[in-house]
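# Structural features, examined
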Amino acid sequence: MILGILLVLVSLALLKLLMLRRRFWIGVCFILILLLGLVLSFIGYLLSPYRIFDENKPVALIESTPVKAEIYDAVLAIKYLTNPKSREPEKFLLTGNRWIIEGNILKVKLNKGEINLYRIARIRSGYINPGNLRQFPELAYNLSKRPDTLGDFLDKQKLDFIEAFTGTVNYRSGDEKAEFYLYAADGGFRLEKE
(Lines give C-alpha, C1' and ligand atoms only; values in the text may rest on other atoms or scores of the structure.)
Protein backbone atom coordinates (compact mmCIF):
# COMPACT_ATOMS: atom_id res chain seq x y z
CA MET A 1 0.00 0.00 0.00
CA ILE A 2 2.87 2.36 0.83
CA LEU A 3 4.52 1.61 -2.51
CA GLY A 4 1.25 2.45 -4.28
CA ILE A 5 0.97 5.77 -2.46
CA LEU A 6 4.59 6.60 -3.32
CA LEU A 7 3.93 5.85 -7.01
CA VAL A 8 0.89 8.13 -6.96
CA LEU A 9 3.05 10.91 -5.49
CA VAL A 10 5.72 10.33 -8.18
CA SER A 11 3.02 10.53 -10.84
CA LEU A 12 1.92 13.89 -9.42
CA ALA A 13 5.49 15.15 -9.76
CA LEU A 14 5.43 13.95 -13.38
CA LEU A 15 2.16 15.82 -13.88
CA LYS A 16 3.84 19.03 -12.78
CA LEU A 17 6.70 18.32 -15.19
CA LEU A 18 4.17 17.55 -17.94
CA MET A 19 2.47 20.91 -17.40
CA LEU A 20 5.82 22.69 -17.74
CA ARG A 21 7.32 20.81 -20.69
CA ARG A 22 4.29 19.32 -22.53
CA ARG A 23 6.09 16.19 -23.77
CA PHE A 24 4.18 13.10 -24.93
CA TRP A 25 6.48 10.59 -23.18
CA ILE A 26 6.07 12.41 -19.86
CA GLY A 27 2.29 12.13 -20.23
CA VAL A 28 2.51 8.38 -20.95
CA CYS A 29 4.81 7.87 -17.93
CA PHE A 30 2.42 9.90 -15.76
CA ILE A 31 -0.58 7.74 -16.76
CA LEU A 32 1.28 4.42 -16.35
CA ILE A 33 2.79 5.29 -12.97
CA LEU A 34 -0.51 6.71 -11.70
CA LEU A 35 -2.43 3.56 -12.73
CA LEU A 36 0.20 1.25 -11.21
CA GLY A 37 0.17 3.30 -7.99
CA LEU A 38 -3.63 3.20 -7.75
CA VAL A 39 -3.74 -0.57 -8.38
CA LEU A 40 -1.05 -1.26 -5.75
CA SER A 41 -2.81 1.03 -3.25
CA PHE A 42 -6.11 -0.78 -3.82
CA ILE A 43 -4.51 -4.21 -3.40
CA GLY A 44 -2.79 -3.00 -0.22
CA TYR A 45 -6.10 -1.69 1.11
CA LEU A 46 -7.78 -5.06 0.46
CA LEU A 47 -4.96 -7.01 2.12
CA SER A 48 -4.50 -4.73 5.14
CA PRO A 49 -6.81 -6.69 7.53
CA TYR A 50 -4.92 -9.93 6.81
CA ARG A 51 -1.88 -11.24 8.68
CA ILE A 52 0.74 -13.69 7.44
CA PHE A 53 0.90 -17.07 9.21
CA ASP A 54 2.82 -20.32 9.27
CA GLU A 55 0.63 -23.45 9.50
CA ASN A 56 2.89 -24.99 12.15
CA LYS A 57 2.76 -22.02 14.50
CA PRO A 58 -0.22 -20.63 16.43
CA VAL A 59 -1.60 -17.27 15.32
CA ALA A 60 -3.27 -16.29 18.61
CA LEU A 61 -3.66 -17.21 22.25
CA ILE A 62 -7.31 -17.37 23.34
CA GLU A 63 -8.31 -17.27 27.00
CA SER A 64 -11.89 -17.95 28.04
CA THR A 65 -12.89 -16.99 31.58
CA PRO A 66 -16.39 -17.40 33.05
CA VAL A 67 -17.69 -14.42 35.00
CA LYS A 68 -20.62 -13.99 37.32
CA ALA A 69 -22.22 -10.78 36.09
CA GLU A 70 -25.79 -9.69 35.64
CA ILE A 71 -25.70 -9.83 31.83
CA TYR A 72 -22.37 -11.32 30.76
CA ASP A 73 -21.33 -14.94 31.25
CA ALA A 74 -17.73 -15.01 30.00
CA VAL A 75 -14.76 -12.91 28.93
CA LEU A 76 -12.79 -13.94 25.87
CA ALA A 77 -9.26 -12.52 25.50
CA ILE A 78 -7.31 -12.75 22.23
CA LYS A 79 -3.58 -12.07 22.01
CA TYR A 80 -2.21 -12.15 18.46
CA LEU A 81 1.08 -14.03 18.20
CA THR A 82 1.72 -13.10 14.56
CA ASN A 83 2.20 -9.44 15.47
CA PRO A 84 5.50 -8.93 17.32
CA LYS A 85 4.34 -5.54 18.63
CA SER A 86 1.21 -7.09 20.14
CA ARG A 87 0.04 -5.20 23.17
CA GLU A 88 -2.42 -6.33 25.77
CA PRO A 89 -4.95 -8.93 24.64
CA GLU A 90 -8.24 -7.73 23.18
CA LYS A 91 -11.10 -8.61 25.55
CA PHE A 92 -14.71 -9.35 24.63
CA LEU A 93 -17.67 -9.75 26.99
CA LEU A 94 -19.92 -12.65 25.98
CA THR A 95 -23.39 -13.82 26.85
CA GLY A 96 -24.30 -17.49 26.82
CA ASN A 97 -22.40 -20.66 27.54
CA ARG A 98 -20.54 -21.14 24.25
CA TRP A 99 -18.52 -19.11 21.75
CA ILE A 100 -17.13 -19.38 18.22
CA ILE A 101 -14.45 -17.61 16.14
CA GLU A 102 -14.97 -16.97 12.42
CA GLY A 103 -12.60 -15.60 9.80
CA ASN A 104 -11.05 -15.97 6.36
CA ILE A 105 -7.94 -17.72 5.08
CA LEU A 106 -6.11 -17.03 1.80
CA LYS A 107 -3.36 -19.24 0.36
CA VAL A 108 -1.43 -17.72 -2.52
CA LYS A 109 0.71 -20.27 -4.37
CA LEU A 110 3.88 -18.93 -5.92
CA ASN A 111 6.64 -20.64 -7.91
CA LYS A 112 8.85 -21.14 -4.85
CA GLY A 113 6.29 -21.68 -2.11
CA GLU A 114 3.15 -20.04 -0.86
CA ILE A 115 2.01 -17.11 1.21
CA ASN A 116 -0.61 -17.86 3.87
CA LEU A 117 -2.85 -15.05 5.11
CA TYR A 118 -5.60 -15.08 7.75
CA ARG A 119 -8.06 -12.66 9.21
CA ILE A 120 -10.26 -13.12 12.29
CA ALA A 121 -13.52 -11.50 11.29
CA ARG A 122 -16.03 -12.25 14.07
CA ILE A 123 -16.49 -13.60 17.57
CA ARG A 124 -19.97 -14.82 18.46
CA SER A 125 -21.45 -16.16 21.64
CA GLY A 126 -24.59 -18.18 22.11
CA TYR A 127 -26.61 -20.57 24.18
CA ILE A 128 -26.88 -24.32 23.96
CA ASN A 129 -30.52 -23.93 25.03
CA PRO A 130 -32.26 -21.51 22.61
CA GLY A 131 -34.89 -20.73 25.27
CA ASN A 132 -32.31 -18.50 26.99
CA LEU A 133 -32.43 -16.09 24.03
CA ARG A 134 -35.60 -14.54 25.43
CA GLN A 135 -33.72 -13.44 28.53
CA PHE A 136 -30.42 -12.24 26.99
CA PRO A 137 -29.48 -11.94 23.30
CA GLU A 138 -26.45 -13.58 21.74
CA LEU A 139 -23.54 -11.23 21.09
CA ALA A 140 -21.39 -10.88 17.97
CA TYR A 141 -18.29 -8.73 17.55
CA ASN A 142 -17.07 -7.74 14.09
CA LEU A 143 -13.32 -7.30 14.38
CA SER A 144 -12.99 -5.52 11.05
CA LYS A 145 -14.72 -2.26 10.24
CA ARG A 146 -15.19 -3.20 6.60
CA PRO A 147 -16.48 -6.27 4.75
CA ASP A 148 -14.01 -8.77 3.31
CA THR A 149 -14.38 -7.77 -0.34
CA LEU A 150 -11.21 -9.60 -1.38
CA GLY A 151 -12.10 -12.87 0.38
CA ASP A 152 -15.67 -12.82 -0.96
CA PHE A 153 -14.45 -12.14 -4.51
CA LEU A 154 -11.75 -14.84 -4.39
CA ASP A 155 -14.13 -17.35 -2.82
CA LYS A 156 -16.41 -17.09 -5.90
CA GLN A 157 -13.57 -17.25 -8.44
CA LYS A 158 -11.71 -20.38 -9.43
CA LEU A 159 -8.07 -19.31 -9.59
CA ASP A 160 -5.39 -21.99 -9.70
CA PHE A 161 -2.87 -20.05 -7.64
CA ILE A 162 -5.18 -18.74 -4.89
CA GLU A 163 -7.32 -20.68 -2.42
CA ALA A 164 -9.79 -18.68 -0.34
CA PHE A 165 -12.11 -20.10 2.27
CA THR A 166 -13.97 -19.23 5.42
CA GLY A 167 -12.50 -20.57 8.62
CA THR A 168 -14.43 -21.28 11.80
CA VAL A 169 -13.79 -23.23 14.97
CA ASN A 170 -16.40 -25.43 16.55
CA TYR A 171 -18.38 -23.90 19.37
CA ARG A 172 -16.46 -23.97 22.65
CA SER A 173 -17.85 -23.90 26.16
CA GLY A 174 -17.67 -20.63 28.04
CA ASP A 175 -18.56 -22.29 31.36
CA GLU A 176 -14.98 -23.13 32.34
CA LYS A 177 -11.67 -21.27 32.35
CA ALA A 178 -9.49 -22.46 29.49
CA GLU A 179 -6.61 -21.33 27.30
CA PHE A 180 -6.22 -22.32 23.66
CA TYR A 181 -3.79 -21.72 20.84
CA LEU A 182 -5.54 -20.76 17.61
CA TYR A 183 -4.06 -22.22 14.40
CA ALA A 184 -4.97 -21.32 10.82
CA ALA A 185 -4.69 -24.14 8.27
CA ASP A 186 -6.25 -25.65 5.13
CA GLY A 187 -9.39 -26.77 6.90
CA GLY A 188 -9.97 -23.44 8.61
CA PHE A 189 -9.17 -22.49 12.19
CA ARG A 190 -8.49 -25.03 14.94
CA LEU A 191 -8.00 -24.67 18.68
CA GLU A 192 -5.54 -26.67 20.76
CA LYS A 193 -5.35 -26.54 24.53
CA GLU A 194 -2.24 -24.90 25.91
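Attention in this report is confined to the structure presented alongside it. (Residues numbered from 1 in each chain as written. Predicted model: local features only at pLDDT ≥ 70, side-chain atom pairs only at ≥ 80, totals over all residues. Heavy atoms only, no water.)

## Brief notes about the overall build of the protein chain
Stated formally: Strands here are runs of E lasting at least two residues and helices are runs of H or I lasting at least four, both read from the DSSP assignment and numbered beginning at the N terminus. Burial classification: accessible surface area is computed with a 1.4 Å probe over protein chains only, and a residue below 20% of its type maximum counts as buried, one above 50% as exposed, and the rest as partly exposed. We call two residues contacting when some pair of their heavy atoms lies within 4.5 Å. Only the protein chains shown count as cover for residues, with accessible areas throughout obtained via the Shrake-Rupley method and a probe of 1.4 Å.
Per the secondary structure count, the protein chain includes three helices and 11 strands. Seen in sequence order, the protein chain has helices and strands lined up from the N terminus as α-α-β-β-β-β-β-β-β-α-β-β-β-β. Scored against the burial criterion, the 194 residues of the protein chain give a buried share of 36%. Of the contacts formed within the protein chain by residues at least 6 apart in sequence, a portion of 57% connects residues at least 24 apart. About 12,500 Å² of surface is accessible on the protein chain, with carbon and sulfur atoms providing 58% of the total.

## Things to note about the sheet that holds strand 2 (residues 60-66)
Two pairing modes exist for strands in a sheet, parallel and antiparallel, and in both the strands are linked by backbone hydrogen bonds. Note the cut-off: At least two bridges found by DSSP between two strands are what make those strands a pair. Helix axes use the C-alpha atoms of the stretch in contact, all axes being lines fitted to C-alpha atoms, and the angles between their N-to-C directions lie in the range 0 to 180 degrees.
Strand order in this open sheet of five strands is 4-3-2-10-11, and the pairing throughout is antiparallel. Lying at the two open borders of the sheet, with one neighbouring strand each, are strand 4 (90-94) and strand 11 (188-193). Strand-to-strand twist in this sheet, taken as the mean axis angle between neighbours without regard to direction, amounts to 25°. In this sheet, strand 4 lies alongside strand 3 (residues 74-80) in antiparallel orientation, the contact comprising five bridges. Looking at the pairing, Ile-78 lines up with Glu-90 of strand 4.

## Brief notes about the pairing of strand 3
Working note: regular strand, side chains alternate between the two faces of the sheet. Burial runs high along strand 3: six of the seven residues are buried. In terms of strand pairing, strand 2 meets strand 3 through seven bridges, oriented antiparallel. What sits directly across from Thr-65, in strand 3, is Val-75.

## A look at a nonpolar patch on the surface
Where we set the bar: The residues that make up patches have over 30% relative accessible area and no salt bridge, and they are joined within 9 Å when like-charged or within 5 Å when they are Val, Leu, Ile, Met, Phe, Trp or Tyr. What counts as a salt bridge is simple: a side-chain nitrogen of Lys or Arg found within 4 Å of a carboxyl oxygen of Asp or Glu.
A contiguous nonpolar patch, built from Ile-31, Leu-35 and Leu-38 and spanning about 280 Å² of accessible area, is present on the exposed surface. Inspection of the secondary structure puts Ile-31 in helix 2 (residues 24-47). Since its relative accessible area comes to 48%, Ile-31 is described here as partly exposed.

## A few points about the pairing of strand 11
Pairing of strand 10 (residues 178-185) with strand 11, which is carried by six bridges, proceeds in the antiparallel orientation. Paired with Leu-182 across the two strands is Leu-191, which belongs to strand 11. Two successive antiparallel strands, strand 10 and strand 11, enclose a turn made up of two residues.

## A few points about the pattern of salt bridges
Using the criterion set out here, one finds six salt bridges in the structure. With a closest N to O distance of 2.8 Å, Lys-177 and Glu-63 form a salt bridge. Remark: Glu-63 occurs in strand 2 and Lys-177 occurs in the loop between strand 9 (172-173) and strand 10; sequence separation between them is 114 residues. In this structure Lys-177 comes out as exposed when scored by relative accessible area, which is 55%. The exposure class assigned to Glu-63 is partly exposed, which follows from its relative accessible area of 26%.

## Let's talk about the nonpolar core
Here is the rule: We define the nonpolar core as a collection of buried residues of types Ala, Val, Leu, Ile, Met, Phe, Trp, Tyr and Cys that are connected through side-chain atoms lying within 4.5 Å of one another.
In terms of nonpolar packing, the biggest core is built from 25 residues, with Ile-62, Trp-99, Tyr-118, Leu-182 and Phe-189 touching the most fellow members. Looking at this core, the elements that each hand over two or more residues are strand 2, strand 3, strand 4, strand 5 (98-110), strand 6 (113-126), strand 10 and strand 11. Of all hydrophobic cores here, the second largest spans six residues; its members include Leu-46, Tyr-50, Leu-117 and Leu-150.

## Quick word on the layout of surface pockets
The method is simple in principle: a probe with the dimensions of a water molecule rolls over the atoms, and the space it marks as empty is what remains. Note the following rule: Cavities and pockets are found on a 1 Å grid laid over the protein atoms alone: a cavity is a set of points where a 1.4 Å probe fits but cannot escape, a pocket is an open set with protein on both sides within 12 Å along at least five of seven lines, and a lining residue has an atom within 4 Å of such a point. Grid points are joined across faces, edges and corners, and a volume is the space filled by probe spheres set on the points. Each residue gets one label: Ala, Val, Leu, Ile, Met, Phe, Trp, Tyr, Cys and Pro are nonpolar, Asp, Glu, Lys and Arg are charged, and the others, such as Gly, are polar.
Here the largest pocket defines a volume of roughly 270 Å³. Taken together, 16 residues form the lining of the largest pocket, with Arg-51, Tyr-80, Asn-83, Glu-90 and Leu-143 sitting closest to its centre. Sorting the residues of the lining of the largest pocket by element identifies strand 3 and strand 6 as the ones contributing at least two each. Taken together, the residues of the lining of the largest pocket break down into seven nonpolar, three polar and six charged.

Structural measurements only, silent on function.
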